[in-house]
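The lines below spell out each chain.
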Amino acid sequence: MDFSLTKEQIAMKDMAYDFAIKKVKPTMEEDEKEHKFRPEIVKQMGQLGMFGCLAPEKYDGSEAGHLAATLMATELARVSPSWGLPFNLQQNGPQTVLLNFANEALREQYLKDLVNATKFGCFAITEPNSGSDVVSMRTTATEVDDGFILNGTKTWISGVPYVDCGVVYAMTDKAAKHKGMSAFFVDFHTPGITQRAITTKLGLHCAPTGEIFFEEAKIPKSALVANKGDGFKICMAMLDNTRLSSAARAVGVSQSCIEEAVKYCNEREQFGQPIGQFQMIQEQIGRMSVEHEAAKLLVYRCAWAKDSGKKSTTLETSMAKYYAAESANFCASEAVKIFGSYGFSSEYPVERFFRDAKSYQIVEGTSNIQKMIIAQFALGYRK
Ligand SMILES: Cc1cc2nc3c(=O)[nH]c(=O)nc-3n(C[C@H](O)[C@H](O)[C@H](O)COP(=O)(O)OP(=O)(O)OC[C@H]3O[C@@H](n4cnc5c(N)ncnc54)[C@H](O)[C@@H]3O)c2cc1C
């Protein structure tokens, strides 16, 4: 397998890092303290074509591919994990649902706005009582003559309260379980839909997350993606794409933690020598480096498999997501230890990476859920 990057991919990777340094970094620490989201940054990312890697030209996309998108998400997260998140909300979540399952009318209605970030997107699965067990969701979509009525609550939805549109999963037939779930592409300015921010987060302070309330919200029949009852299938296919993007961000975190730790190892002296000279510190740096590299290769392999048109990449995706999440947490934890008391301080970025990295073990299927999927393949229960 050839992992070399094309000139175009390298240029996109460099462009994303340059953007992060010029547009995100200058206000990043201040924004972190104030928990400030800057919509203009997402809009600029859209203008630069960062969210057009999967969409065809007719929707203003470039079809540069999953690997290009992965590289850019990594570079943004390397500077600030909060700013890697919009890739999932503008692209890997809602766009893949539109591209893979929706009719032309829905694509026409939403795709360009998501690519250009003239509208902010999301995907809403999680509810107060339904996380890993997606099918236990209680939000309902009741069919009426001229549409569907949505009722229920979604929580921990990234992008909220700034969302204009997105994929909402709801039960059209609760008794039918998996086959009773449907997917809708919803205009969030519809009466009966309200958004509220969650303000108690551990990290990702510049990336909004919140709750959505549906109270007798009437959406048109045309909002239904594919057919009634296709929601579970659509959701799992979408997660196969969003998980890759979250794994990509985790790789950005592990890379940054190594970069910061190495710098500190050469600056900080104890016992008359730079701490990098100590064998135990070298053991930490050595292991961090291998964890990061292994995660990066799994993530690249997954993106490459998707770009090659491999029919099912569920196993590659779960492996990449699981390993990248765990290695980002390992690298962040080791970096905090290497920084000593300064690692415990918000004056240095490793403290922020340590908090932000936790999200990768939770979002889009926890590490346990990824291990469960991987084991099901290993045991032959899934093919
Ligand atoms: C920052 C952030 C952003 C998010 N963004 C979004 C978003 O945009 N859209 C969205 O829909 N959701 C979003 N989520 C929600 C996220 O996807 C869920 O939190 C996640 O799926 C886990 O669900 P839960 O928190 O309800 O945990 P639970 O499902 O209640 O799990 C609790 C614990 O039990 C374990 N567990 C559960 N089932 C099993 C099992 N079968 N085997 C072994 N262990 C198991 C889990 O691993 C976990 O440790 C976000 C969450 C966070 C933190």
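Residues numbered from 1 in each chain as written. Predicted model: local features only at pLDDT ≥ 70, side-chain atom pairs only at ≥ 80, totals over all residues.

Participant: What exactly am I supposed to notice about the overall build of the protein here?
Facilitator: A count of helices and strands for the protein gives 11 helices and 10 strands. Taken over C-alpha atoms, the radius of gyration comes to 21 Å for the protein, in line with the 21 Å a tight globule of 383 residues would show. Dimensions of the protein, computed from the C-alpha atoms along their principal axes, are close to 80 × 45 × 40 Å. Classification of the 383 residues of the protein by burial places 49% in the buried group. Taking contacts inside the protein between residues at least 6 apart in sequence as the whole, the part at least 24 apart equals 75%. (Helix = DSSP H or I, 4+ residues; strand = E, 2+ residues; numbered from the N terminus. Rg over C-alpha atoms; globule rule 2.2 N^0.38 Å. Buried ≥ 20, exposed ≤ 12 C-beta atoms within 10 Å, placed from the backbone. Contact = placed C-beta atoms within 7 Å.)

Participant: Would you take a moment to explain the site of the ligand for this structure?
Facilitator: Neighbouring the ligand are 21 residues, the closest being Ile-125, Gly-131, Ser-132, Thr-366 and Asn-368. Listing elements by their share of the shell around the ligand, those giving two or more residues are β1 (123–124), β3 (147–158) and α11 (367–378). Partitioning the shell around the ligand into residue classes produces 11 nonpolar, nine polar and one charged. If you count residues domain by domain, the shell around the ligand takes at least three from each of domain 2 (123–229) and domain 3 (232–378). (Near = placed C-beta within 6 Å. Nonpolar A, V, L, I, M, F, W, Y, C, P; charged D, E, K, R; others polar. Domains from an automatic or database assignment.)

Participant: What should I look at first to understand the pairing of strand β7 (residues 209–219) in this one?
Facilitator: One face of the sheet, then the other: side chains in a regular strand alternate in exactly this way. Sheet analysis places β3 next to β7, joined by eight bridges and oriented antiparallel. From the neighbouring strand, Phe-148 faces β7, where its bridge partner is Ile-219. By the bridge criterion, five bridges tie strand β6 (residues 193–197) to β7 in an arrangement that is antiparallel. From the neighbouring strand, Gln-195 faces β7, where its bridge partner is Ile-212. (Pairing = 2+ DSSP bridges.)

Participant: I would appreciate a short explanation of the packing of helix α9 (residues 314–338) against helix α10 (residues 349–357) in the present structure.
Facilitator: Two measures define how a pair of helices packs: the angle their axes make with one another and the distance between the axes. One way to put it is that α9 packs onto α10 with a least axis distance of 9 Å and a crossing angle of 150°. One way to sum up the angle between α9 and α10 is to call them roughly antiparallel. Crossing geometry of α9 relative to α10 is assigned as left-handed. On α10, the residues that touch Ala-328, Asn-329, Ala-332, Ser-333, Ala-335 and Val-336 of α9 are Val-350, Glu-351, Phe-353, Phe-354 and Ala-357. Of the residues in the contact of α9 with α10, the class split is eight nonpolar, two polar and one charged. (Axes fitted to C-alpha atoms, helices over the stretch in contact; angles between N-to-C directions. Parallel < 35°, antiparallel > 145°, perpendicular 65-115°, else oblique. Left-handed = near helix turned anticlockwise from the far one by under 90°.)

Participant: Looking at this model, I keep getting lost on unusual backbone geometry. Mind explaining?
Facilitator: Leaving glycine out, the prevailing phi sign among residues is negative, and the prevailing peptide bond configuration is trans. A cis amide bond links Val-160 to the next residue, Pro-161, at an omega of 15°. Checked against the element boundaries, Pro-161 lands in the loop between β3 and β4 (165–171). Even without a glycine there, the phi angle at Leu-204 is positive, about 50°. Secondary-structure assignment places Leu-204 in the loop between β6 and β7. For Glu-364, which is not glycine, the phi torsion reads 50° and is therefore positive. With respect to the helices, strands and loops of the structure, Glu-364 is situated in the loop between α10 and α11.

Participant: Just checking my understanding: could you explain the domain arrangement of the protein for this structure?
Facilitator: Bring the parts together and some accessible area is lost; that lost area is often taken as the interface size. When cut into domains, the protein gives domain 1 (7–116), domain 2 (123–229) and domain 3 (232–378). Between the C-alpha centres of domain 1 and domain 2 the distance comes to 23 Å. Facing the 22 residues of domain 1 at the interface are 17 residues of domain 2. Top contributing element to the side of domain 1 that touches domain 2 by residue count: helix α5 (residues 94–101), with four residues.

Participant: Can you help me understand α11 in this one?
Facilitator: In an α-helix, one full turn covers 3.6 residues, which means residues spaced three or four apart are oriented alike. Between its terminal C-alpha atoms α11 stretches 16 Å, which fits the 16 Å expected from 12 residues at 1.5 Å a residue. Gly-380 lies just past α11 and shows a positive phi near 85°. (Expected span 1.5 Å × (residues − 1).)

Participant: Which parts of the structure should I look at to understand the packing of helix α7 (residues 231–267) against α10?
Facilitator: One way to put it is that α7 packs onto α10 with a least axis distance of 10 Å and a crossing angle of 155°. Accordingly, the angle class assigned to the pair α7 and α10 is roughly antiparallel. Where α7 crosses over α10, the two elements pack in a sense that is left-handed. Residues Ala-250, Val-253, Ser-256, Cys-257 and Glu-260 of α7 form the contact with α10, whose own contacting residues are Pro-349, Val-350, Phe-353, Asp-356 and Ala-357. Split by residue class, the contact of α7 with α10 holds seven nonpolar, one polar and two charged.

Participant: Any chance you could explain helix α3 (residues 66–79) here in plain terms?
Facilitator: Taking 1.5 Å per residue, 14 residues should reach 20 Å; α3 reaches 20 Å between its end C-alpha atoms and fits that length. In terms of burial, α3 is a largely internal element, 14 of the 14 residues being buried.

Participant: When you look at the nonpolar core in this model, what are you seeing that I'm missing?
Facilitator: One recurring pattern in soluble globular proteins is that nonpolar side chains are buried together. Counting residues in hydrophobic clusters, the biggest one holds 113 residues, and the most contacted among them are Phe-184, Val-299, Ala-324 and Ala-332. Broken down by element, this core gets its largest block of residues, 13 residues, from α7. Discounting residues that sit within four places of it in the chain, Ala-332 has contacts with Val-253, Cys-257, Val-350, Phe-353, Phe-354 and Ala-357. (Core = buried A, V, L, I, M, F, W, Y, C linked by C-beta atoms within 7 Å.)

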